[in-house]
Each structure stands twice: as C-alpha cells, then as structure tokens.
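# Observations on the model geometry
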Amino acid sequence: MSGLRKPLMLTGLQPSGPLMIGNYIGALKDWVGLQATHESLLMIADLHALTVPQNPEVLRRRSFEFVALFAACGIDIEKSAVFMQSHVSAHTQLLWVLNCMTPMGDLQRMTQFKDKAGRRAMDAQVGLFDYPVLMAADILLYGADLVPVGDDQRQHMEFTRRMARKFNSTYGQVFKIPATCTPRTGSRLMGLQDPATKMSKSDPNADNYVALLDPPEVIRRKIRTAVTDSGSEVRSGASKPGISNLLALYAAVSGERTESIEARYAGKRYAEFKNHLAERVIDFLGPIQKRYRSIAGDWVLLGEILRHGADLARERSETTLARIYEAIGLVTGRQDDRRISSPRGSTRGQPPDFPVPSPARALPKRRNAMGTEETKELSTSATAATNADAECLSDCCVCCCCDTEEECRMEE
Ligand code: TYM
C-alpha cells in the first residue's frame, strides 16, 4: 500500500447474495478509479450480511468469491487493502459506544429498515434495526475522507455524519466527517422484473438482477424477459420506469449518454434494443468473468489478501478505538496510555485520581481518528479535515458532504 498522504477511501459490500451488476456500477467501478487518488480500504461486510438469514456454507464461499471478484473487477490488491469486517473486532466495539448515543427514533426512520421490516417492525431483528450504527462504526473507525456508495446508502451516510458530529461536540474532535460520492450514472439500478424496486443481490428472485458471474445465456434470458412499459418508444421518462432502467444499464455498461442511445433506437422496437443491451452486458462482463476464473481457485492468495487487509485494518482501528475510549472516559489499559490515564498523584492504598475529561473543548481540537505519525501529516495537510467535509478528487462521481438540502441549510 502506498503512503498515507493520500486521502482515505473506505467502503463496503455485504456478501448477502451474489455480486450483481448494480453493485458493480453503483460502487465497485468507482472504487477501481479512486484507487489512483486515494488510499483504499475495502471491506466485505459479513456482519451486516447476518441481518438477513444466511446459509453458513454459502456465506463462507461467497465471501471468498467476493475477494476474487474484487480483483477481477480491477481492485489492485497491492494498492488496496481488502478485509472481512468480522476479522476486526473494533467495529463491534465502536458499534456499542455509538449505540449508547443513538436515539431509537433515528433508526426507526431509516428507509431501509422500514422497507425491510415492513409493517412488522416489532418482529424485526435488532441487527436489522441497528444496521446503520454498525455502518457508521465501520467508517468512523478509520477516519475515512471519502465513502463511495450507491444512492441507497446516502441516508446511512447522513446518519454517519450526524453521529460523528454528535460525538465530537460531546467529547472533542475525534472523528473526521466523511464525504459521500455516488456515480453519475447508475447510482440506483432498479429490478429487471420490478422496476419500482431497487435491484438487489439479496432478492429471492434472481431474475431481478444480472449477477456478475451469470453465463451469457442467462443474461440474455434475464434481459429479454425484463419488464418494459406500455408504448414502444425506447425513451427515458417517469412514465417508462422499465425502459428508463434498461437505458440506465445500457449507458453504464457502454459509457454512452442516454440521449445518444435513445437517438440510435428511435423508431426501433423494444426487442431489438433488449437484444443489443444483452450483448453489451455480456461483452462488459466477459473479461471480468475470465479474470475471476483465473483467480478464484487460488485459496492461498485469497487468504493472504484477507490476512494482509485485516492486519492493516486492525492496526489502525485499534489506535482509533483507544482514542475513543479515552475520550469517553474508559480506561484503555494500553501501556502507552499510562501517560493519559494513569492515576494522577495516586499512592498505593489510596483511590486513584483519574483525570476527568471535561466535555468537548477540553480535548485537543485537531485530533483525527487515526493516531499514527503519518496520519498526523494527513490531518495537517487537510487542516480542517476533522470537521470540514473531505472532497472527492475524482470526477467519476458526484461528491457531496450533505445528503439533503435540509442538512446543507443546517450546516450554514
Ligand atoms: P450493499 O452490499 O447492499 O451494496 C454494496 C454497494 O452497491 C451499491 N448498490 C447499488 N448501486 C446501484 N444500483 C443498485 N441497485 C445497487 N444496489 C446496491 C450500494 O449502494 C453499495 O454502495 N451497507 C452497505 C455495506 C456497508 C458499507 C459500510 C458501505 C457496510 N459498511 C461502510 C460503505 C461503508 C450495503 O449494504 O451495501
């Protein structure tokens, strides 16, 4: 991995189903581009995947499959660290700290929770309810500058930033406020069979998505049977959700603008457009599938990638966790913490006089979430980085620091 002078990007993908084209276009594609300008931590969010029932064997196999697919999609394992969320215990430790600061109402309002729990919120698992808090922990532990995600994660990002600000204003500047970036095209691909719902890898109906490893004949069938709209024009618009979605897919795999695709298919039939789209998708996925096949069986390599990633993630996250614990008044027990938390003027037999951290301003202001020397360089080069939102250096995607206009106004 390169030095820490570059801004840090962190992102994750849960192995809750086969990696599909929406994940590639909405997330992975940008990760590949951002590797050049950012230091990259890429996490397989296996703990998040447990929020829906999983077959243990399938989950294990799929986790390795994801590592191989990351590499096949262009993640450079020399540049980026890939790790399993469950290999780094600091995630769940910070989860608990953040849980203790999270109002239930905030989580009840989360769109994804409402969608998944439906009307039976009281029967939903606590893990599903708590999902955004674990995601906030994932991000804040590393002092990420940038989090590239699809559109569906924007609300979780907004929540993450809110939690970071809340923590900082209570205990002092510990967390960096991460920016979000979403792709310009394809940030929310919809289901092929149901264009009213998001394309999702955990959809029980596999015809709703194209998996990255689907063979050509399956891709042809899935696109041929994709739901279209009344009328026959290949044109994007609110009244044509099916065709609009297929056009977005076409634009994402071809790199063409929607308008030029519409112009090419003016007067042509849906069937012809769909046939061409299927071939485009097959051509697009072909090289990824070929690279995947050359890596997938190499268990030693895949294990090595994960070990290396986990070592790096552990090292960083534990430093942050110690700073968090210190800020909130827990005794960390680390040797090098004695300076901070050893009893002041205590003598044997007397109760120790631990320094009491006074809230907010008493703590150093310019701390960021990672405690290493190099990180200090990063924080000085981006002086206001702890609270001013980081910027995405890539023009592949739309970057923002406030997810809603309302939040932007509150910031002013
Ligand atoms: P997950 O696994 O659902 O999705 C992974 C990434 O793919 C994007 N995505 C889509 N993009 C476009 N169209 C779609 N239909 C589509 N479906 C999914 C998602 O937006 C996401 O970027 N909570 C996260 C995983 C996570 C995470 C994190 C991400 C856990 N911790 C920390 C970033 C940072 C999730 O469930 O992603």
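That block above? That's the structure.
Residues numbered from 1 in each chain as written. Predicted model: local features only at pLDDT ≥ 70, side-chain atom pairs only at ≥ 80, totals over all residues.

Bringing the packing of helix α10 (residues 241-254) against helix α12 (residues 270-295) into the picture now. Interaxial distance between α10 and α12 falls to 10 Å at its minimum, and their mutual angle equals 35°. Classified by chirality, the crossing of α12 by α10 is left-handed. For the pair α10 and α12, the contacting residues are Leu246, Leu249, Tyr250, Val253 and Ser254 in the first and Lys274, Leu277, Arg280, Val281 and Phe284 in the second. Looking at side-chain class alone, the contact of α10 with α12 contains seven nonpolar, one polar and two charged residues. (Axes fitted to C-alpha atoms, helices over the stretch in contact; angles between N-to-C directions. Helix = DSSP H or I, 4+ residues; strand = E, 2+ residues; numbered from the N terminus. Left-handed = near helix turned anticlockwise from the far one by under 90°. Contact = placed C-beta atoms within 7 Å. Nonpolar A, V, L, I, M, F, W, Y, C, P; charged D, E, K, R; others polar.)

With 14 residues, helix α1 (residues 21-34) should reach 20 Å at 1.5 Å per residue; the first-to-last C-alpha distance of 19 Å fits that figure. Extensive coverage of α1 is indicated by the burial of twelve of its 14 residues. For α1, the full list of buried residues reads Ile21, Gly22, Asn23, Tyr24, Ile25, Gly26, Ala27, Leu28, Lys29, Asp30, Trp31 and Leu34. (Expected span 1.5 Å × (residues − 1). Buried ≥ 20, exposed ≤ 12 C-beta atoms within 10 Å, placed from the backbone.)

Turning our attention to the site of the ligand. In the region of the ligand, 27 residues are neighbours, and Gly12, Gly22, Gly26, Val149 and Gly150 sit closest. At the level of elements, β1 (8-13), α1 and α7 (126-140) are the ones that each hand at least two residues to the shell around the ligand. At five residues, the largest contribution of residues to the shell around the ligand is made by α1. In terms of residue class, the shell around the ligand is built from eleven nonpolar, twelve polar and four charged. (Near = placed C-beta within 6 Å.)

What follows covers the nonpolar core. In this structure, Leu10, Leu69, Phe70, Leu94, Ala136, Ala137 and Val281 are the most contacted members of the largest nonpolar core, which totals 100 residues. Among the elements that take part in this core, α10 stands out by supplying nine residues, more than any other. When residues no more than four places from it in sequence are discounted, the contact partners of Leu10 are Leu41, Met43, Ile139, Tyr142, Ala144 and Val147. (Core = buried A, V, L, I, M, F, W, Y, C linked by C-beta atoms within 7 Å.)

On to the pairing of β1, then. Burial of β1 is extensive: six of the six residues sit out of reach of the surface. Side chains Leu8, Leu10 and Gly12 project from β1 onto one buried face, and the interleaved Met9, Thr11 and Leu13 project onto a second face that is buried too. When β1 meets strand β2 (residues 39-44), the two strands line up parallel, connected through six bridges. Bridge pairing in β2 places Thr11 opposite Leu42. For the crossover from β1 across α1 to β2, the handedness is right-handed. (Pairing = 2+ DSSP bridges. Right-handed = clockwise from strand over helix to strand, strands pointing away.)

This part is about the environment of Ser236. Position of Ser236 relative to the elements: it lies in the loop between α9 (216-224) and α10. Put simply, Ser236 and Ala248 are twelve residues apart on the chain and 8.6 Å apart in space, counted from C-alpha to C-alpha.

This brings us to the packing of α7 against helix α8 (residues 154-171). With their axes 9 Å apart at the nearest point, α7 and α8 run at an angle of 65° to one another. Between α7 and α8, the interaxial angle falls into the category roughly perpendicular. Considering how the two elements wind past one another, α7 and α8 form a crossing that is right-handed. Counting all contacts with α7, which are made through Pro132, Met135, Ala136, Ile139 and Leu140, the residues of α8 involved are His156, Phe159, Thr160, Met163 and Ala164. Grouping the amino acids of the contact of α7 with α8 by side-chain chemistry returns eight nonpolar, two polar and no charged. (Parallel < 35°, antiparallel > 145°, perpendicular 65-115°, else oblique.)

So, on to the environment of Val126. Examined against the element boundaries, Val126 turns out to sit in helix α7. Owing to 10 C-beta atoms within 10 Å, Val126 belongs among the exposed residues under this scheme. The spatial distance from the C-alpha of Val126 to the C-alpha of Thr51 is 8.5 Å, given a sequence separation of 75 residues.

This next bit is on helix α13 (residues 299-328). Its 30 residues place the ends of α13 42 Å apart at the C-alpha level, agreeing with the 44 Å of an ideal helix rising 1.5 Å per residue. In the segment just after α13, Gly329 is the residue with positive phi, at about 100°.

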